[in-house]
Amino acid sequence: EKAGYKHFMAKEIAEQPIVLADAIKHYCRGRQINVPDELDFSTLDRLTLVACGTANYACLTAKYWFESLAGLPCEVDIASEFRYREPPMPENSYAIFVSQSGETADTLAALRYAKEKVAKIVSIVNVPTSSIARESDVALPILAGVEVGVASTKAFTCQLSVLLLLALKAGHDRGRIDDKTLADHLKTFATLPGLMNQTLSREASIAVMAAAVAEAQDVLFLGRGAMFPLALEGALKLKEISYIHAEGYASGELKHGPIALIDKNVPVVVLAPRDALFDKTVSNMQEVMARHGKVILITDPKGAEEAGLGTWKTLTLPEIPAIFAPILYALPAQLLAYHAAVAKGTDVDQPRNLAKSVTVE
Ligand code: F6R
């Protein structure tokens, strides 16, 4: 069943271009986004997004999209906090629950809390027959296929893709994105599986970086804007399968504490496509280099040209419009964690102490 791969996780990372192409086929009809008509974001006051773990990082990324593309205020919380916090929820809002398994106890409890309070309960799930899907008004499948590896990979990029499509639809519904711009975004979406394949072809160089990461005790991941949640996800992936301590930070937070950790033994993974915030991230990266931190810069050709000098390693990914970058940059983060774990010889598909589906709180 591993189809020639050493681990399910490797297979599931490699499958991402294919499953994403399926999801695009399902959700993009010509110039339109194919979701049930009852989803209408045009006059909503707010969105609330709730999930656990990796799915929560997908929600955090989506906050950047819903706010910038649709001007829609967006609250994101982890389910275990949300469910007990007694958060007020405006009636004229949707609550969106994201879960691969659809059975996560805290996320299901959060969904039940939101029922009757908001206009619509929407879920984004991989298992359409799951409890979370069944208890929602609208359940959107991510179409990732069965995910066996405990560390979520293809489900994450499919969750991101469905959330980005919803944010584009919200932007269109709210008059911020015109027909032509929407059509252009959908065209770019269709190129993403090909760009993922190009990114996966860099696996050998990522494995070389990972072999060195495997020797570290602590690793930092930095990103700005929508790359910040991906820094959190990169750190989570590394710690859960390689047992290396890792933290994700917003680049701008570096000097508010974590820079104290930097020395020559600390690899710092900088996720920085050449976007509007690139120069700011680069200046944070230079502060790390001045303290002899080992920088792994993940960027695009222009970013590598401008800032690749003096890093420990630079990985160059294909150029991609900024809003799509978190989906593409997830792949090297996953591969880095995977190869670090393989180098350490840990049980990649069944990491210690973890379960695939967390059905108790
Ligand atoms: C991390 C991971 C977990 C899950 C979390 C939520 O790789 O897989 O953090 O994302 O347990 O699970 P679901 O999405 O099934 O609700």
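Look above for the structure.
This one's a predicted model, so the numbers in the text were calculated from it and none came from an experiment.

A. View of the overall build of the protein chain. The helix and strand inventory of the protein chain stands at 13 helices and twelve strands. A compact globule built from 361 residues would reach a C-alpha radius of gyration of about 21 Å, and the protein chain, at 20 Å, matches this within 12%. Considering only residue pairs separated by 6 or more positions, the protein chain has 75% of its internal contacts joining residues 24 or more positions apart. When the accessible surface of the protein chain is summed, it comes to about 14500 Å², and 51% of that surface belongs to carbon and sulfur atoms. Here the protein chain carries 36 positive and 42 negative side-chain charges, and the mean point of each set is 3 Å from the other.

B. Local environment of the site of the ligand. Taken together, 13 residues form the shell around the ligand, and within it Ser99, Gln100, Ser101, Thr104 and Glu240 come nearest. Between an oxygen atom of the ligand and a side-chain N or O atom of Ser99, the distance comes to 2.6 Å. Gln100 is positioned such that a nitrogen or oxygen atom in its backbone is 2.6 Å from an oxygen atom of the ligand. Put simply, the parts of the chain that give the shell around the ligand at least two residues each are α3 (53-70) and α10 (227-242). Broken down by element, the residue count for the shell around the ligand peaks at three residues, all from α3.

C. Highlighting the environment of Ser251. Looking at the element boundaries, Ser251 is found in the loop between β9 (245-250) and β10 (267-271). Taking the C-alpha atoms as reference points, Ser251 and Gln100, 151 residues apart in sequence, are found 29 Å from one another. Beyond its immediate sequence surroundings of up to four residues, Ser251 is in contact with Leu222, Gly223, Arg224, Thr281 and Asn284.

D. Molecular detail of the sheet that holds strand β12 (residues 313-316). Strand order in the open sheet made by the five strands is β9-β8-β10-β11-β12, with parallel pairing throughout. The sheet terminates laterally at β9 and β12, the two strands that pair on one side only. The sheet shows a mean angle of 15° between the axes of neighbouring strands, direction not considered. The pairing of β10 with strand β11 (residues 294-299) spans five bridges and is parallel. From the neighbouring strand, Val270 faces β11, where its bridge partner is Leu297. Most of the contacts of helix α11 (residues 278-290) go to β11, to which it runs at about 160°, and overall it touches β8 (218-223), β10 and β11. Across the face of the sheet, helix α13 (residues 325-344) comes into contact with β8, β10, β11 and β12 while running at roughly 145° to β11.

E. Quick peek at the pattern of salt bridges. Taken as a whole and judged by the stated rule, the model has 19 salt bridges. One salt bridge in this structure joins Lys356 and Glu147, with 2.6 Å as the shortest N-O distance. One end of the pair, Lys356, is in the segment after α13; the other, Glu147, is in the loop between β7 (138-141) and α7 (154-173), with 209 residues separating them in the sequence. Overall, the relative accessible area of 6% leaves Glu147 in the buried class.

Definitions and limits used
Residues numbered from 1 in each chain as written. Predicted model: local features only at pLDDT ≥ 70, side-chain atom pairs only at ≥ 80, totals over all residues. Heavy atoms only, no water. Helix = DSSP H or I, 4+ residues; strand = E, 2+ residues; numbered from the N terminus. Rg over C-alpha atoms; globule rule 2.2 N^0.38 Å. Contact = heavy atoms within 4.5 Å. Areas by Shrake-Rupley, 256 points an atom, 1.4 Å probe, with all protein chains shown as cover. Lys, Arg positive; Asp, Glu negative; His and termini not counted. Charge placed at Lys NZ, Arg CZ, Asp CG, Glu CD. Near = heavy atom within 4 Å. Polar contact = N/O pair within 3.5 Å; in protein donor to acceptor, adjacent residues only side chain to side chain. Pairing = 2+ DSSP bridges. Axes fitted to C-alpha atoms, helices over the stretch in contact; angles between N-to-C directions. Salt bridge = Lys/Arg side-chain N within 4 Å of Asp/Glu carboxyl O. Buried < 20%, exposed > 50% of the residue type's maximum accessible area, 1.4 Å probe, protein only.

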